[in-house]
Amino acid sequence: MQSSALIMMLLTNLIVIGVAGYFFFKVYKTPLKDIDEDDANFPRGG
Amino acid sequence: MSSSKAEGWGSRVGLVLAMAGNAVGLGNFLRFPVQAVQNGGGAFIIPYLVCFLLMGLPLLFIEWSTGRFGGKHGDHSTPFILNNMARGSLWKYIGVFGIFTNLAVAAYYCYIESWTLSYVWHSIAGTFKGQTAEQVSQFFVDYVSLGTNQPIVFWVICLLLNTWILSRGLSGGVEIASKVAMPLLILFGVFLAVMGITLSAGQFGAVYDGTVGLNFLWTPNFKSILEPKVWLAAAGQVFFTLSVGMGSIQCYASYLKERDDVALNAMSAGWMNEFVEVVLGAAILIPIGVGYLGIDKIIEVTKSGGLGLGFRVFPYLFQQWGDVLAVIAGVAWFGLLFFAGITSSLAMGTPLMGFLRDEFGWSRETSAWTFGIATAILGLPTVLYFNQGVFDEYDFWAGTVSLVVFALVETIVFAWIFGINKGWAEINLGADMKVPVIFKYIILYVTPLILLFVFASNLVSDDGIIATISHKALKAQIAAATDSNTVKMLQDKMWYLNMSRLLLLGVFAAITALVYIAHRKRLREGWKHPLHK
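Conventions used here
- Residues numbered from 1 in each chain as written.
- Chains lettered and ligands numbered in written order.
- Predicted model: local features only at pLDDT ≥ 70, side-chain atom pairs only at ≥ 80, totals over all residues.
- Heavy atoms only, no water.
- Salt bridge = Lys/Arg side-chain N within 4 Å of Asp/Glu carboxyl O.
- Helix = DSSP H or I, 4+ residues; strand = E, 2+ residues; numbered from the N terminus.
- Buried < 20%, exposed > 50% of the residue type's maximum accessible area, 1.4 Å probe, protein only.
- Contact = heavy atoms within 4.5 Å.
- Buried area = accessible area lost by both parts, 1.4 Å probe.
- Polar contact = N/O pair within 3.5 Å; in protein donor to acceptor, adjacent residues only side chain to side chain.
- Phe/Tyr/Trp six-rings, centres within 6.5 Å; stacked < 30°, edge-to-face > 60°.
- Core = buried A, V, L, I, M, F, W, Y, C linked by side-chain atoms within 4.5 Å.
- Axes fitted to C-alpha atoms, helices over the stretch in contact; angles between N-to-C directions.
- Parallel < 35°, antiparallel > 145°, perpendicular 65-115°, else oblique.
- Left-handed = near helix turned anticlockwise from the far one by under 90°.
- pLDDT = per-residue confidence, 0-100.

Enquirer: Explanation requested: the pattern of salt bridges in the structure shown.
Expert: When their charged atoms lie close together, side chains carrying opposite charge are able to pair. Residue and element names in this part refer to chain B. The tally for this structure, following the rule as stated, stands at 15 salt bridges over all chains. In this structure, E258 engages K72 in a salt bridge whose closest nitrogen and oxygen atoms are separated by 3.8 Å. Note that E258 is positioned in the loop between α13 (248-253) and α14 (263-280) and K72 in helix α4 (residues 45-72), a separation of 186 residues in sequence. Judged by its relative accessible area of 13%, E258 is buried. Linking E359 and R522 is a salt bridge whose minimum nitrogen-to-oxygen distance equals 2.8 Å. You can see E359 sitting in helix α18 (residues 323-360) and its partner R522 sitting in helix α25 (residues 484-524), a full 163 residues away along the chain.

Structure below.
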């Protein structure tokens, strides 16, 4: 591969994998909040 | 507003996978790589990522927070979500786009989804074994020409599967489907990416190394960044890849609790889509295609998109990998396309279901079946009259124009009518990450301008809205035709396209009427606008 193509590919992939992985890991580690007393009174349709 | 049991997400990971699944579709694997090679190769990633940051992410923030805001008031579809955000009777009718677009896109999208399921079956059954390249290509032509009843059978199976999963609700259906489909999609994608990247000339009948295709796709042509059409292509790709402007994100987000985070969720889902598109999608179609056909042939085959390469060529290429690997590769390729498709079509079903349940108290099962039947009726013309251009016509109006119009309006409503301060507070409410404050100004000024640029370009381009309304290309073909049979065929095609438009308009009008009926019902029940309380 040409070096310019290799650099573009590796740089882009590293950025995307890194950022996507970081945010997904943060989501994985932080669960949805439990409903509290105030929220219990809001209409929750479905 | 609703008499139905509470719906909700079972887990945060499930929600993010479902949202990512909504975004990840066939375009990640078939459209992005082709757009890249046609618009500057490796340099395309620069306008692409800029548009993702300035338009894609802002729209995700807007739609996630708007949806959660609507859910707070018991609303799970865009007509009354928008209605809650602004005074005046107009907004709930603008919100009709958020149901119409999903229904109209699902109508033809489920058909493509059924092709992928069918091709998984044919890969397992060895249908393509021993076939020449021309025979494999002709198989697809015969398939969509309804040479057998198989297309209808697989289409009905797809519709039933979607309906069944939707009838099980979010946590019991959509979330479980996403938790199965998304990891498998990524696994299949990684397998095919490794096969593509490591392909060697002479191995499995390949003429070129896989790296030749990678080189072709990633070599940057930096001069292309100066061309407006490249930025338009980048904006368009980011737009369509994230499934924004449809109303499905708002619907999914409306089942969050008031203080559940939207900022981190939106970022995660958005970047997961980018991982699938830029990392996996770019490593499959072009490297494998170029490895066997060469660059010139790939340029020719992909002139009208990646669908032809994906369905008419790839099954033949996989046969060169030996009997066992051909089956595995076929199942992996069409399997990942199927998972990408179904996670998107499931999202398309939820806005209509949310509306029917909220406004008329329908059960989950009845709402799901209503979506399934409506999709079947609306989609039948795209199946029966595929070769008459009905499919493409739906794709243009619902899958291209409608999205951009709604995204532009909802951005203006969020930033300028609901108000950017309220909107910004909504995005940051319960946020599990600090959203850079620059996004406040990007949403206010930059995103609407980019959307206006995309819309204006769609309006006036040679194959844009004005040209399409007037059948410019078709009339030119008729004028150039020299025999009466061709003229008759083209005139018939024009008739089918006009009928499709009438049908789509009729669907839009019907949903508008339902919104009006729902509004009158609300008033009779004593509903008060949140802004008037």
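Enquirer: Help me out: how do you make sense of the interface of chain B and chain A in this one?
Expert: Reports often express the size of an interface as the amount of accessible area lost when the parts come together. Opposite the 48 residues of chain B that make contact, chain A presents 28 residues. Summed over both sides, the interface between chain B and chain A buries roughly 3400 Å², with carbon and sulfur atoms accounting for 69% of that surface. When the buried surface of chain B facing chain A is broken down by residue, B:R12, B:W218 and B:W271 rank first, second and third, together holding 18% of it. On the surface where chain B and chain A come into contact, there are zero salt bridges. Linking chain B to chain A there are three residue pairs in polar contact (both at pLDDT 80 or more). Sort the elements by how many residues they give to the side of chain B that touches chain A and α14(B) lands first, with ten residues.

Enquirer: Any chance you could explain the side chain of B:R501 here in plain terms?
Expert: Residue and element names in this part refer to chain B. Looking at where R501 falls in the secondary structure, it is placed in helix α25. Judged by relative accessible area, R501 falls into the buried class, the value being 14%. Of the polar contacts made by the side chain of R501, one reaches the backbone oxygen of I469; its length is 3.1 Å. R501 has contacts with E393, W397, T468, I469 and H471, leaving out every residue within four places of it along the chain.

Enquirer: Explain the packing of aromatic side chains here, please?
Expert: Residues and elements named next belong to chain B. For the structure on display, the rule yields 42 aromatic pairs over all chains. Residues F29 and W333 carry aromatic rings whose centres are separated by 6.5 Å and whose planes lie at 85° to one another, so their mutual orientation is edge-to-face. With F29 in helix α2 (residues 26-30) and W333 in helix α18, this residue pair connects regions lying 304 residues apart in the sequence. Neither F29 nor W333 differs from the other in exposure class; each is buried.

Enquirer: In this structure, what is going on with the environment of B:C51? I would like to understand it.
Expert: Residues and elements named next belong to chain B. Turning to its location among the elements, C51 is positioned in helix α4. It is 9.0 Å that separates the C-alpha atoms of C51 and T447, two residues lying 396 residues apart in sequence. Beyond its immediate chain neighbours, meaning those up to four positions away, C51 contacts G56, W231, A234, A235 and V238.

Enquirer: In this structure, what is going on with the nonpolar core? I would like to understand it.
Expert: Nonpolar side chains in soluble globular proteins tend to be buried together. Ranked by size, the top nonpolar core spans 190 residues in total, and within it B:F29, B:W64, B:W115, B:W218 and B:W333 carry the most contacts. When residues no more than four places from it in sequence are discounted, the contact partners of B:W218 are A:A5, A:M8, A:M9, A:T12, A:N13, B:G41, B:G42, B:I45, B:V278 and B:A282. With six residues, the next largest nonpolar core counts B:L474, B:V487, B:L490 and B:L497 among its residues.

Enquirer: Sorry if this is basic, but what is going on with the packing of helix α17 (residues 307-319) of chain B against α18(B) here?
Expert: Each pair of packed helices can be summarised by the angle the axes make with each other and by the distance between the axes. All names here are of chain B. Following both chains from N to C, one finds α17 and α18 inclined at 155°, their axes separated by 8 Å at the closest point. By the angle class used here, α17 and α18 are roughly antiparallel. Here the hand of the crossing between α17 and α18 comes out right-handed. Contact residues: α17 offers G310, F311, F314, P315, F318 and Q319, while α18 offers A326, A329, G330, W333 and F334.

Enquirer: Whenever I open this one, the confidence of the model for chain A confuses me. Can you help?
Expert: With 67% of its residues at a pLDDT of at least 70, chain A reaches an overall mean of 76. Taken together, the stretch residues 36-46 of chain A has pLDDT below 50 and engages in 30 contacts with residues farther than four places along the chain or on a different chain.

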